[in-house]
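What follows is each chain in one-letter form.
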Amino acid sequence: MHDADNQRRLISEMTLAEKASLMSGENFWNTKSLDRLGVPAIMLTDGPHGLRKQGGAADHLGLHASLPATCFPPAATLASSWSPALVERVGTALGAEAAAADVSVLLGPGLNIKRNPLGGRSFEYFSEDPLLSGSMAAAMIRGIQSQGVAASAKHFAVNSQETHRMSIDEVVDERALHETYLEGFRIAVTQGQPWTVMSSYNKVNGTYANENHALLTTILLENWGFDGLVVTDWGGNNDRVAGLRAGNALEMPSTDGVTDAEIVAAVESGELDEAVLDARVGELLTLIERTRSAREPGATADLNAHHALATDAARRSAVLLRNEGATLPLTPDHGPVAVIGDFAATPRYQGAGSSLVNPTRVDDALGALRASALDVVGYEPGFHRRDKPSARLRRRAVDLARRAQTVVLFLGLDESAEAEAVDRAHLRLAHNQLELVRDLVALDARIVVVLAGGAPVELPFAEDVDAILHGYLGGQGGGAAIAELLTGVANPAGRLAETLPLTYADVPSSEDFGRTEATSEHRESIYLGYRYYDKVGAPVRYPFGHGLSYTTFEHRDLVATDAGVRVTVTNTGDREGTETVQVYIENPGEARGEFRAARELRGFAQVTLAPGESAEVAIAYAEHAFGVYDPVAGAWRTVAGDYGVLVGASSRDIRDRATVTVAGETGVGGEPMRVQHYLDGHVERVVTADFEELLGREVPPSTWDRSAPLTRDDIVAQTQGRGGFASLLHGLITTTSAALMALGRPHASNNVRFALDLPFRSIARMSGGRVDDAMLDGLLTMVNGRFWRGARHTFTAWRAHRRAARGSRRTGGASPAEATPITTTPLSPAPKEG
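Residues numbered from 1 in each chain as written. Predicted model: local features only at pLDDT ≥ 70, side-chain atom pairs only at ≥ 80, totals over all residues. Heavy atoms only, no water.

Turning next to empty space enclosed by the protein. According to the stated counting rule, one finds 13 cavities of 30 Å³ or more in the structure shown. There is about 200 Å³ of room inside the largest cavity. Forming the walls of the largest cavity are 18 residues, and the residues nearest its centre are Pro347, Arg348, Ala452, Gly478 and Ile482. Mapped onto the lining of the largest cavity, the elements with two or more residues apiece are β12 (406-412), β13 (446-452) and α17 (478-486). Grouping the amino acids of the lining of the largest cavity by side-chain chemistry returns twelve nonpolar, five polar and one charged. One number sums up the size of the second largest cavity: a volume of about 130 Å³. Forming the walls of the second largest cavity are 13 residues, and the residues nearest its centre are Lys114, Arg115, Pro117, Glu128 and Thr499. For the lining of the second largest cavity, the class distribution of residues is six nonpolar, three polar and four charged. (1 Å grid on protein atoms, 1.4 Å probe; cavity = no way out; pocket = protein on both sides within 12 Å on 5 of 7 lines; lining within 4 Å. Points joined across faces, edges and corners; volume = space filled by probe spheres on them. Helix = DSSP H or I, 4+ residues; strand = E, 2+ residues; numbered from the N terminus. Nonpolar A, V, L, I, M, F, W, Y, C, P; charged D, E, K, R; others polar.)

Encoded structure:
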């Protein structure tokens, strides 16, 4: 495996069954080995902000405990640092911990675009902007792989919602696909050079991402030069042979040899060219070779240093949203301080699901504030998590606040509000938190709000409080970081990586996000996040890129060329601070109402300055800074014109501007756009006919065909309303989920509900050999209204399967593909990657 010739020789010595066996996992986390030929197994495991290596029972949604590891702030938090250098340091630490645990592939970073703030997995993704997302992801990849551990850029591509994520068809036009959803991945692949990419569960314009030749071969391999391996999301295979042909190599986890046998049969029948299989095997062998150093003994990780890094990352990523009258930082001169809010003592520091980390320690803000020089006169939780009302808790909090001159109020999203596999139901904070705010702002005290959560929330009280510090999800050191920022030990430097809207109704995709069944129509096209709000001039609570400091900065002497800008930044305040200089390119045809965003982020840089200090900052434009994707040509095109170059502190806080003339093409994209809403940006008014005009085709049905019988490719959620056993099955899952939530077990509740989005085929493939296709067919007969016939079929198939299993154990029989025996994995109700 040391060079191409040796690799080809090794593959030539493998049997067809052996090659097929390497294309799926040995168990939940490991690939198969071929001891005869010296091919070792390697381990892949979560996750993107901390190692989640399970020492016992395996699952993919955080159901079972994992070994202790550093819990760094997740991507939503790290993105607010706007510091690729910091993120690369975090990646290096993640890689070190993975290598110390004998893990070869770390399943991250996640970099899907945040299309809608209700996305349940928003905490795990960086931004609504592809340049920021791709830059941060590339930095993390470089850091992880510097330790000999492979990163896995995920989820490729257009994984925009959790609802029905394993079957949903993301219907998106070519401009939006390339300019918004793929551009971050392009940056991550070309600048980070990941050794693996993970395909997403969903379909993209009718074809499963894992079987999408245009995505995996034409774009990823040929256009971007990717030279690594594509791995499925856990349980994300639909058609194994189609996936291999499209460019997917490794299916995870084990399918007990079922899909290995499908590969063998396809080669033997001529359906699959064995050369394609050889190429995929070669990609796995290359990955094994690249990660060789991660499996060498002696690797260690300094967990104390990593905790300090996690704290620093949280400190540099928190965003000061509001600071009226210089309320912050707090000093002993502010008088008695009351700390209120359950999150102060029990921090919400990470998301839920496959990325759930077992931290080595967790700092809380309450303890850190009590240890500071502030006069903390008391603490009250003020509310129950999960919105359980309590007049007693609210009354005790108000009574405490009356004894203080300043109230530090910790609010946020609890563990049930955002998680993998479940989209959020609304954008507001819990009612009991809002009621507490209402009572406290009526008092004669300064109110400082500290927010926790991985995604935007509505802030109707923003103008009624004195300061708001958004800590996002701070990881295990977030509590100490928040205390340092509140007391001025550190100066806030974070900037929003996403827009905070006034209300959810202002979001362009709010009308139908997560509410459809078979498809998700991206009617807003390129207009999401600040690209939409700035195009139509809609008011927002806080704009993209916004963030305050305890000092002030001046931008001057802007010089712009067609390659980049230089600008002088001066710290005009009285303390050291870090400024993030943002460069936006303004579309030259904006006055004519062209089908382009008003302005787009095309570069950024940070500079740390002492009081009175100045520095010249040079920023090169990103690739495609003056371009659009031309669907007719199937390529990016530079558009000629006079472009505005804007330098500022957010997409709406522009400090200086210049104009550059760019040579390029005119008439890009064929026929001019005729739909007015795509010209003026008011995509909230787009109707089906408008979207079809943009797509150039009819949209597929958005609802399930309830008259058709359910098949292996349908999902369990489609049993709803069918009556009989189907409705019973659906009701059992939803009732169990609701009961667990009522018992205060949100993680377990969400994981049970995840079963609704499983395709029926996954029941067999993810069962560790406990369920075969014959038993699955019996189950489908039962849910399709023929209960007793299906039950008899299932029972007969179960008995035959059990006899065959006993016979195989007695004789030491081979797997269906006659490959290396496969270790089965426990039945998991929530199989899923990271």
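A full pass over the atoms with the stated rule returns 58 salt bridges. A salt bridge links Glu435 to Arg394, with the nearest nitrogen and oxygen atoms 3.4 Å apart. Pair noted here: Glu435 is in helix α16 (residues 431-441) and Arg394 is in helix α15 (residues 391-401), with a separation of 41 residues, a long-range link. As a salt-bridge pair, Asp557 and Arg556 come within 2.7 Å of each other at their nearest N and O atoms. Several salt bridges share partner residues, and in doing so they unite Arg121, Glu124, Lys154, Glu162, Arg165 and Glu420 into one network. (Salt bridge = Lys/Arg side-chain N within 4 Å of Asp/Glu carboxyl O.)

Right, let's get into a positive patch on the surface. Together, Arg799, Arg802, Arg803 and Arg806 make up a region of like positive charge exposed at the surface. Along the chain, Arg806 turns up in helix α25 (residues 787-811). (Patch = residues over 30% accessible without salt bridge, like charges linked within 9 Å, V, L, I, M, F, W, Y side chains within 5 Å. Areas by Shrake-Rupley, 256 points an atom, 1.4 Å probe, with all protein chains shown as cover. Lys, Arg positive; Asp, Glu negative; His and termini not counted. Charge placed at Lys NZ, Arg CZ, Asp CG, Glu CD.)

Turning next to the packing of aromatic side chains. Following the criterion strictly, the structure yields 18 aromatic pairs and no others. Judged by centre distance (4.5 Å) and plane angle (20°), the rings of Tyr530 and Phe544 are stacked. Placement of Tyr530 in helix α18 (residues 530-536) and of Phe544 in the loop between α18 and β16 (553-560) is noted, with a sequence separation of 14 residues between them. For the pair Tyr532 and Tyr533, a centre-to-centre distance of 5.3 Å together with 65° between the ring planes defines the contact as edge-to-face. Here the aromatic residues Trp82, Tyr530, Phe544, Tyr584 and Phe604 are joined through ring pairs into a cluster of three or more. Here Arg175 stacks its cationic end above the ring of Phe595, 4.6 Å away from the centre of that ring. (Phe/Tyr/Trp six-rings, centres within 6.5 Å; stacked < 30°, edge-to-face > 60°. Lys NZ or Arg CZ within 6 Å of the ring centre and 35° of its normal.)

The end-to-end C-alpha distance of helix α5 (residues 130-145) is 22 Å, a good match for the 22 Å that 16 residues give at a rise of 1.5 Å each. Of all the 16 residues making up α5, 15 are buried; the element is thus mostly covered by neighbouring parts of the structure. (Expected span 1.5 Å × (residues − 1). Buried < 20%, exposed > 50% of the residue type's maximum accessible area, 1.4 Å probe, protein only.)

For the rest of this paragraph, the subject is the side chain of Glu97. Along the chain, the position of Glu97 falls in helix α4 (residues 84-100). Setting aside anything within four residues of it in sequence, one finds Glu97 in contact with Leu51, Ala69, Thr70, Phe72, Ala301, Leu303 and His306. (Contact = heavy atoms within 4.5 Å.)

Close inspection of predicted coordinates is inappropriate for parts of the model with low pLDDT. For the protein, the average pLDDT comes to 94, and 95% of its residues sit at 70 or higher. Ranking the elements of the protein by mean pLDDT puts α25 last, at 84, and strand β9 (residues 319-323) first, at 99. (pLDDT = per-residue confidence, 0-100.)

All right, on to unusual backbone geometry then. Along the chain, Lys154 connects to His155 via a cis peptide bond; the corresponding omega equals -5°. Inspection of the secondary structure assignment puts His155 in strand β3 (residues 150-156). Cis rather than trans, the peptide bond between Met252 and Pro253 has omega equal to -5°. If you trace the backbone, Pro253 turns up in the loop between α9 (240-246) and α10 (258-269). Although it is not a glycine, Ala326 adopts a positive phi angle of roughly 50°.

This brings us to α15. Listed in full, the buried residues belonging to α15 are Leu393, Arg394, Ala397, Val398, Leu400 and Ala401. Angular distribution of buried residues about the axis of α15 spans 160°; they occupy a single face of the element. Packing partners of the buried residues in α15 comprise β10 (336-340), β11 (375-380), β12 and α16. (Arc of directions from axis to C-beta.)

What the five strands build is an open sheet, ordered β1-β2-β3-β5-β8; its pairing is parallel. Each having just a single partner strand, β1 (44-45) and β8 (229-231) make up the two edges of the open sheet. Here β1 pairs with strand β2 (residues 105-106) via two bridges, running parallel. Across the sheet, Thr45 pairs through a bridge with Leu106, a residue of β2. Where α5 meets the sheet, its contacts fall on β2 and β3, and the angle it forms with β3 comes to roughly 150°. (Pairing = 2+ DSSP bridges. Axes fitted to C-alpha atoms, helices over the stretch in contact; angles between N-to-C directions.)

Glancing now at the environment of Trp224. Along the chain, the position of Trp224 falls in the loop between α8 (213-223) and β8. Given a relative accessible area of 13%, Trp224 falls into the buried group. Expressed as a C-alpha distance, the spacing of Trp224 and Gln193, which sit 31 residues apart in the sequence, is 9.8 Å. Apart from the residues within four sequence positions on either side, Trp224 is in contact with Phe156, Leu182, Phe185, Arg186, Val189, Thr190 and Ile219.

Note on placement: Gln350 falls in the loop between α13 (342-345) and α14 (365-370). Each C-alpha atom of the pair Gln350 and Gly454 lies 8.0 Å from the other, and the pair is 104 residues apart in sequence. When sequence neighbours within four positions are dropped, the list of residues in contact with Gln350 reads His49, Cys71, Ser355, Leu356, Val357 and Leu473. Here Val357 takes part through its backbone oxygen, which lies 2.8 Å from a polar atom of the side chain of Gln350. (Polar contact = N/O pair within 3.5 Å; in protein donor to acceptor, adjacent residues only side chain to side chain.)

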